[in-house]
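If you want the building blocks of each chain, they are given just below.
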Amino acid sequence: MELVKNKLSKKYFVVLDDSEGDDLLVVTPEGKVKPLERHLFGPQILVDPVNAASTHNLTAMQVNIYRDYFS
């Protein structure tokens, strides 16, 4: 699972697709899937999906959408 941290809110967003050029397809903390500009975030980090919710304060909706997207 790849995450990016928003520079302003400091919240983590789950990356679903990073092949959109200047945009990333992400899952927001509110559980919305949307393309957002890459410059809004710090570098991507790779995390273990099993522990990501507790170690990076992901919401259950973010984790569920990630699982559905890649299953």
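Structure's up top.
Given the structure is predicted, the values throughout are model-derived calculations rather than measurements.

Draft legend 1. View of the overall build of the protein. Looking only at helices and strands, the protein features 2 helices and 5 strands. Listing each helix as α and each strand as β along the protein from the N terminus yields β-β-β-β-β-α-α. By the compact-globule yardstick of 11 Å for 71 residues, the protein fits well, its C-alpha radius of gyration being 11 Å. Per element, the accessible surface of the protein, about 4,500 Å² overall, is 54% carbon and sulfur. Charge-centre separation for the protein: the mean point of 8 positive side chains lies 10 Å from the mean point of 10 negative side chains.

Draft legend 2. How the structure looks around the side chain of Gln-62. Structurally, the position occupied by Gln-62 is in helix α2 (residues 60-69). One polar contact links the side chain of Gln-62 to the main-chain carbonyl oxygen of Val-27, over a distance of 3.1 Å. Ignoring any residue separated from it by four or fewer positions in sequence, one finds Gln-62 in contact with Tyr-12, Phe-13, Val-14, Val-27, Thr-28 and Pro-29.

Draft legend 3. Summary view of the environment of Leu-58. Among the secondary structure elements, Leu-58 is positioned in the loop between α1 (52-55) and α2. Note on Leu-58: relative accessible area 8%, which makes it buried. For the pair Leu-58 and Pro-29, spaced 29 residues apart in the sequence, the C-alpha separation amounts to 6.8 Å. The contact partners of Leu-58, leaving out residues within four places of it in the chain, are Met-1, Leu-3, Tyr-12, Val-14, Ala-52, Ala-53 and Val-63.

Conventions adopted
Per chain, the residues get numbers from 1 upward, laid out in the order the sequence is written. Only residues with pLDDT of 70 or above have their local features reported here, since the model is predicted, and side-chain atom pairs are shown and tallied only from 80 upward, although totals for entire chains, interfaces and linings are computed over all residues. Side-chain figures throughout are based on the complete set of non-hydrogen atoms in the structure, without hydrogens or water. Secondary structure counts use DSSP, requiring at least four H or I residues in a row for a helix and at least two E residues in a row for a strand, with both numbered from the N terminus. Computation of the radius of gyration draws on C-alpha atoms alone. For the globule rule, the value is 2.2 Å times the number of residues to the power 0.38. Accessible surface is estimated by sampling points in the Shrake-Rupley manner with a 1.4 Å probe; for residues, cover comes only from the protein chains shown. Counting rule applied: Lys, Arg positive; Asp, Glu negative; His and chain ends not counted. For the purpose of locating charges, the reference atoms are NZ of Lys, CZ of Arg, CG of Asp and CD of Glu. For the purposes of these results, a polar contact is taken to be a pair of N or O atoms within 3.5 Å, where, inside protein, one atom must be able to donate a hydrogen and its partner to accept one; residues adjacent in sequence count only when each atom of the pair is a side-chain atom. By the convention used here, residues are in contact when the closest approach between their heavy atoms is within 4.5 Å. The buried label applies to any residue whose accessible area, calculated with a 1.4 Å probe on protein chains only, is under 20% of its type's maximum; exposed applies above 50%, and partly exposed to all values in between.

Just distances and angles here, no functional claims.
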